[in-house]
Amino acid sequence: MKYIEDIDLGDEFGPVQIEVRPDDVIDFCKTWIRDEENSKNIFNAAPTRFTDEEFAKSEGLPGAIVPGIMSMAYLARLLNTAWPDGTITQLDVVFRQLVLHNQTINLVGVVTDTVSDDSENYIECDVYIENNEGSRLVGGKARLNIPTKH
Amino acid sequence: MNLDLHCHSVSSDDSRATVEQYLKWIVSLRKKGYIVDGIVLTEHRKFDIDLDYTELSDKYDVLVLKGSELDTRHGHFLVYGVTKQMLNKIDFGNVKMDSIELMKIAKESGAIAFPAHPGRFGIGFCEYSDSDLDFAQVSIVEHLNGSYRSGELERTEKLISDKGYAGTGGSDAHFVSAIATCLTEFRTSIHNEQDLVSALNQKTFRAITLEETRKPDDVN
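None of these values were measured; they are calculated from a predicted model.

Peer 1: Help me understand the packing of aromatic side chains, please; the structure alone is not making it clear to me.
Peer 2: The geometry of an aromatic ring pair is captured by the separation of the ring centres together with the interplanar angle, meaning the angle of the planes. This model, assessed by the stated rule, comprises 6 aromatic pairs over all chains. With centroids separated by 6.2 Å and ring planes inclined at 90°, the aromatic side chains of Phe77(B) and Phe125(B) adopt a geometry described as edge-to-face. Pair noted here: Phe77(B) is in strand 4 (residues 75-80) and Phe125(B) is in the loop between strand 5 (112-115) and strand 6 (140-145), with a separation of 48 residues, a long-range link. The buried category is assigned to Phe77(B), whose relative accessible area is 0%. According to the relative accessible area criterion, Phe125(B) is buried, its value standing at 0%. Here the aromatic residues Phe77(B), Phe125(B) and Phe135(B) are joined through ring pairs into a cluster of three or more. Arg143(A) extends its terminal NZ or CZ atom over the ring of Tyr122(A), reaching a point 4.0 Å from the ring centre.

Peer 1: Explain the nonpolar core to me, please; I cannot follow it from the model alone.
Peer 2: Nonpolar side chains tend to gather and get buried jointly when the protein is soluble and globular. Counting residues in each nonpolar core, the largest one holds 35 residues, and the members touching the most others are Phe13(A), Tyr74(A), Trp83(A), Ile105(A), Ile123(A) and Cys125(A). Of all the secondary-structure elements, those providing two or more residues to this core are strand 1 (12-19), helix 1 (22-32), helix 3 (68-82), strand 5 (104-116), strand 6 (121-130) and strand 7 (136-145) of chain A. Take this core: its biggest share by element is 6 residues, from helix 3 of chain A. Within the second largest apolar cluster, 29 residues are counted, among which are Tyr22(B), Trp25(B), Ala178(B) and Leu210(B).

Peer 1: Is there a simple way to think about the sheet that holds strand 9 (residues 205-209) of chain B in this case?
Peer 2: The strands making up a sheet associate through hydrogen bonds between their backbones, and the pairing can be parallel or antiparallel. Residues and elements named next belong to chain B. Ordered by their spatial adjacency, 7 strands build an open sheet running 5-4-3-2-1-8-9, and the pairing between neighbours is mixed. Both edges of this open sheet fall to strand 5 and strand 9, since each of them pairs with a single strand only. Going across the sheet, the axis of each strand differs from the next one's by a mean of 30°, ignoring polarity. Of the strand pairs in this sheet, strand 1 (residues 2-7) and strand 2 (residues 38-44) are connected by 3 bridges, and their pairing is parallel. Its bridge partner lying in strand 2, Cys-7 is registered against Leu-41. Across the sheet, helix 6 (residues 193-202) touches strand 1, strand 2, strand 3 (63-72), strand 4, strand 5, strand 8 (182-186) and strand 9, and the angle it forms with strand 5 is around 55°.

Peer 1: Honestly, empty space enclosed by the protein in this entry has me stumped. Any pointers?
Peer 2: Summary: where empty space remains is shown by rolling a probe the size of a single water molecule over the atoms. Residues and elements named next belong to chain B. The final tally for this structure, using the stated rule, is 2 cavities of 30 Å³ or more. In this structure, the largest cavity occupies an estimated 100 Å³ of space. In terms of lining residues, the largest cavity is bounded by Ser-11, Leu-41, Glu-43, Lys-46, Phe-47, Asp-48, Leu-51, Tyr-53, Lys-66 and Gly-67. Of all the secondary-structure elements, those providing two or more residues to the lining of the largest cavity are strand 2 and strand 3. For the lining of the second largest cavity, the class distribution of residues is 4 nonpolar, 1 polar and 2 charged.

Peer 1: Explain the interface of chain B and chain A to me, please; I cannot follow it from the model alone.
Peer 2: Quoted interface sizes are often the accessible area lost when the parts come together. The interface of chain B with chain A comprises 14 residues on the first partner and 20 residues on the second. Regarding the contact of chain B and chain A, the summed buried area is about 1500 Å², with carbon and sulfur atoms giving 51% of it. Our count for the contact surface shared by chain B and chain A stands at 2 salt bridges. We note a salt bridge from Lys24(B) to Asp113(A), for which the minimum N-O separation is 3.2 Å. Of the residues assigned to the side of chain B that touches chain A, the class counts are 4 nonpolar, 5 polar and 5 charged.

Peer 1: Even after reading the chapter, I still don't get unusual backbone geometry, so can you show me in this structure?
Peer 2: Excluding glycine, a negative phi dihedral is what most residues carry, and trans is how most peptide bonds are arranged. With an omega of 0°, the peptide bond between Gly14(A) and Pro15(A) qualifies as cis. Its place among the elements puts Pro15(A) in strand 1. With phi around 25°, His117(B) is a residue other than glycine that occupies positive phi space. By relative accessible area, His117(B) is classed as buried at 1%. The backbone phi angle of Ala180(B) is positive, close to 70°, even though this residue is not glycine. Secondary-structure assignment places Ala180(B) in the loop between strand 7 (166-170) and strand 8.

Peer 1: Would you mind showing me how to read the layout of surface pockets here?
Peer 2: Roughly 1000 Å³ of internal volume is contained in the largest pocket. Contributions of two or more residues to the lining of the largest pocket are made by strand 1, strand 5, strand 6 and strand 7 of chain A together with helix 1 (19-31), strand 6 and helix 5 (152-163) of chain B. No other element matches the 4 residues that strand 1 of chain A contributes to the lining of the largest pocket. In the lining of the largest pocket, the residues fall into 18 nonpolar, 16 polar and 11 charged. Computed from the structure, the second largest pocket encloses a volume of approximately 270 Å³. Lining the second largest pocket are 13 residues, and of these Lys107(B), Ile112(B), Gln137(B), Ser139(B) and Asn201(B) sit closest to its centre. Mapped by element, the contributors of at least two residues to the lining of the second largest pocket are helix 4 (99-108), strand 5 and helix 6 of chain B. Looking at the lining of the second largest pocket element by element, the count peaks at 3 residues for strand 5 of chain B.

Peer 1: Quick question: what am I supposed to make of the sheet that holds strand 1 of chain A here?
Peer 2: Reading across the sheet, the 5 strands line up as 1-5-6-7-4 (chain A) and stay open at both edges, with antiparallel pairing between neighbours. Two strands close off the open sheet at either side, each with one partner strand: strand 1 and strand 4 (87-95) of chain A. The sheet shows a mean angle of 20° between the axes of neighbouring strands, direction not considered. Direction of pairing for strand 5 of chain A relative to strand 6 of chain A: antiparallel, over a ladder of 10 bridges. Within strand 6 of chain A, the residue paired with Asn106(A) across the bridge is Glu130(A). Along the sheet, helix 1 of chain B contacts strand 5, strand 6 and strand 7 of chain A; its crossing angle with strand 5 of chain A, the most-contacted strand, is approximately 95°.

Criteria and cut-off values
- Residues numbered from 1 in each chain as written.
- Chains lettered and ligands numbered in written order.
- Predicted model: local features only at pLDDT ≥ 70, side-chain atom pairs only at ≥ 80, totals over all residues.
- Heavy atoms only, no water.
- Phe/Tyr/Trp six-rings, centres within 6.5 Å; stacked < 30°, edge-to-face > 60°.
- Helix = DSSP H or I, 4+ residues; strand = E, 2+ residues; numbered from the N terminus.
- Buried < 20%, exposed > 50% of the residue type's maximum accessible area, 1.4 Å probe, protein only.
- Lys NZ or Arg CZ within 6 Å of the ring centre and 35° of its normal.
- Core = buried A, V, L, I, M, F, W, Y, C linked by side-chain atoms within 4.5 Å.
- Pairing = 2+ DSSP bridges.
- Axes fitted to C-alpha atoms, helices over the stretch in contact; angles between N-to-C directions.
- Contact = heavy atoms within 4.5 Å.
- 1 Å grid on protein atoms, 1.4 Å probe; cavity = no way out; pocket = protein on both sides within 12 Å on 5 of 7 lines; lining within 4 Å.
- Points joined across faces, edges and corners; volume = space filled by probe spheres on them.
- Nonpolar A, V, L, I, M, F, W, Y, C, P; charged D, E, K, R; others polar.
- Buried area = accessible area lost by both parts, 1.4 Å probe.
- Salt bridge = Lys/Arg side-chain N within 4 Å of Asp/Glu carboxyl O.

Rendered as structure tokens:
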């Protein structure tokens, strides 16, 4: 278990490398696109910018893209991998460039603050989705509650 | 003296870093041997003349100055030494302002304005520098920018080489850990915005990366 007392500002975590496969994006969309009120999955096979290369190009995009919420899920995976005993309480992201299908991405993060007192124990981190050239496609700020030894 | 001339705090809508978090990070960089003396906040399309960072600056011993990054019809421009006179003459929120007029008013007001990340595709000065417009007032551009994408630094360096411009450096940080990745090294001491404008006008500076600031003893 990782404790707040063992974490320092500047600690880096990752990279987690992911190959963005179209089938994975489609699977994500099948889970994500739901009628929550009736608890039904309402995904249909009609092409969207997230699932179909040609449809995305018809909308002026360079190709099919990963939904923003899936990019956030990737970043949540990074945080859960690095801090399995932590609890994500905030993940606030800025989408700067498109995340395309069939692209290798790297998830990386760094601790930017640690707070430990009588009432709370948490860390703040910067998290990024980078492409293979190191260009940051998505950036985010996360806060996680972390266990204490005390 | 090493200053990051381009960064955004939460006052800009696309940033997630507070000024205090930037300063804490700079203190941690100093512990690792890097020499970072200060930052200039260049919030998007705004300038709050009443905001005072003296207390934070004193607490962390990091110089904090204010500028702005404006959208113009010829790309983004950095502005330093903003005065009340300038604020009365220019609508900072006007995303289609004329950069030539901006540079002229800035100069008349004791400020200075020049292109930010000129090599950036779509919103950089490179897109306009070879047009028929008279950009004779441009003598400085931002050279190193921490947010450049593939190919953008090369475009910037070609522009600088072709036109003979001086170049500054700034991180363009929107997140804490990106602060001070690129900086401007000045040969003179800078204590306030007027000193900064003076040093820029004298062109006594060069763009550097954070790694270049490291004390020799700390290099492994």
